[in-house]
Amino acid sequence: SQQGEEDPQALSIQEGENATMNCSYKTSINNLQWYRQNSGRGLVHLILIRSNEREKHSGRLRVTLDTSKKSSSLLITASRAADTASYFCATDEYGNKLVFGAGTILRVKS
Amino acid sequence: DGGITQSPKYLFRKEGQNVTLSCEQNLNHDAMYWYRQDPGQGLRLIYYSQIVNDFQKGDIAEGYSVSREKKESFPLTVTSAQKNPTAFYLCASSIRGDGFTEAFFGQGTRLTVV
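Everything quoted here is computed from the prediction, not taken from an experiment. Counting of residues starts from 1 at the beginning of each chain's written sequence and follows it residue by residue. Numbering of ligands from 1 and lettering of chains from A proceed in the order in which they are written. Given that this is a predicted model, residues contribute local features only at a pLDDT of at least 70 and side-chain atom pairs are listed and counted only at 80 or more, while totals for whole chains, interfaces and linings are drawn from all residues. Side-chain measures here rest on the full set of heavy atoms in the structure, leaving out hydrogens and waters.

(A) A look at the state of the cysteines. All names here are of chain A. Disulfides are defined in this document as cysteine sulfur pairs within 2.5 Å. Summed over all chains, the structure comprises two disulfides over all chains. C23 shares a disulfide with C89; S-S distance 2.0 Å. Its S-S torsion of about 65 degrees marks the bond between C23 and C89 as right-handed, since a negative value means left-handed. Taken together, the positions of C23 in strand β3 (residues 19-24) and C89 in strand β9 (residues 85-93) put the pair 66 residues apart, joining distant regions of the chain. Each member of the pair, C23 as well as C89, carries the same accessibility label: buried. Only DSSP runs of H or I covering at least 4 residues are called helices, and only runs of E covering at least 2 are called strands; the numbering of each starts at the N terminus. Relative accessibility decides the category of a residue: with a 1.4 Å probe and only protein chains considered, values under 20% of the type maximum give buried, values over 50% give exposed, and everything between is partly exposed.

Here it is in structure tokens:
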């Protein structure tokens, strides 16, 4: 089951612009996490937000969580060409396993 | 350096053969996972293990088998029963406390059926 579903599927922006990606999920969660994957590589953890948190910041990343709507968003501010990657949300499903969505492919043009 | 290591990076399999993908971690993590990723797709969970000598099927376990005899190791066997095994396989590990903490991923194994 794909718990997290990201949108858009693909996003292309100019360097310096902000990028926003959204994630929706279906069941109750302990936390929601965002990961980044460069082409052909493993995933790297970016940020975790717990179910009792509404917003979290880390450097140029800002994550929001709305448990009533079962949705989260990831904002990358002042994007750089090096931010080009795929971004995935993952939900901690009942504390038993991490379930990933289909991802958003971000391309930042310089 | 602590981390999670997958080997080999590339693997070629003839139809009808079983192959085993290696995953080793020295992070002292209890939980380990195997995911499959097809081109342009997300990660689908194959098997996961929360503790030594115990593992559970994920969403696409058919045609795969695992073992967890040691905390550090979680090998995945792709059997001949898996009809479409060509994919990118990712192993991960995490601490399981109050919900799962961040997962650490290996660099993946790209399996191709020839």
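Still more ground to cover, so stick around.
(B) Structural view of the packing of aromatic side chains. Pairing of aromatic rings covers Phe, Tyr and Trp, the last counted by its six-membered ring, and requires centre-to-centre distances within 6.5 Å; plane angles under 30 degrees mean stacked, over 60 mean edge-to-face, and any other angle means tilted. Taken as a whole and assessed by the stated rule, the structure comprises eight aromatic pairs over all chains. Here the aromatic rings of F100(A) and F105(B) are separated by 5.8 Å at their centres, their planes lie at 80 degrees, and the arrangement is edge-to-face. In this pair, F100(A) sits in strand β10 (residues 97-100) while F105(B) sits in strand β10 (residues 99-105), so the two residues belong to two different chains. When its relative accessible area of 1% is taken as the criterion, F100(A) is described as buried. The class of F105(B) is buried, set by a relative accessible area of 8%. Each ring, one from Y33(B) and one from Y35(B), has its centre 5.9 Å from the other, and the planes form 25 degrees; the classification is stacked. By relative accessible area, which is 1% here, Y35(B) ends up buried. Of the aromatic side chains, those joined through ring pairs into one cluster are Y35(A), F100(A), Y33(B), Y35(B) and F105(B). By the criterion adopted, a ring carries a charge over it if an Arg CZ or a Lys NZ lies within 6 Å of its centre and within 35 degrees of its normal. We note R68(B) situated over the ring of F74(B); from NZ or CZ to the ring centre the distance is 6.0 Å.

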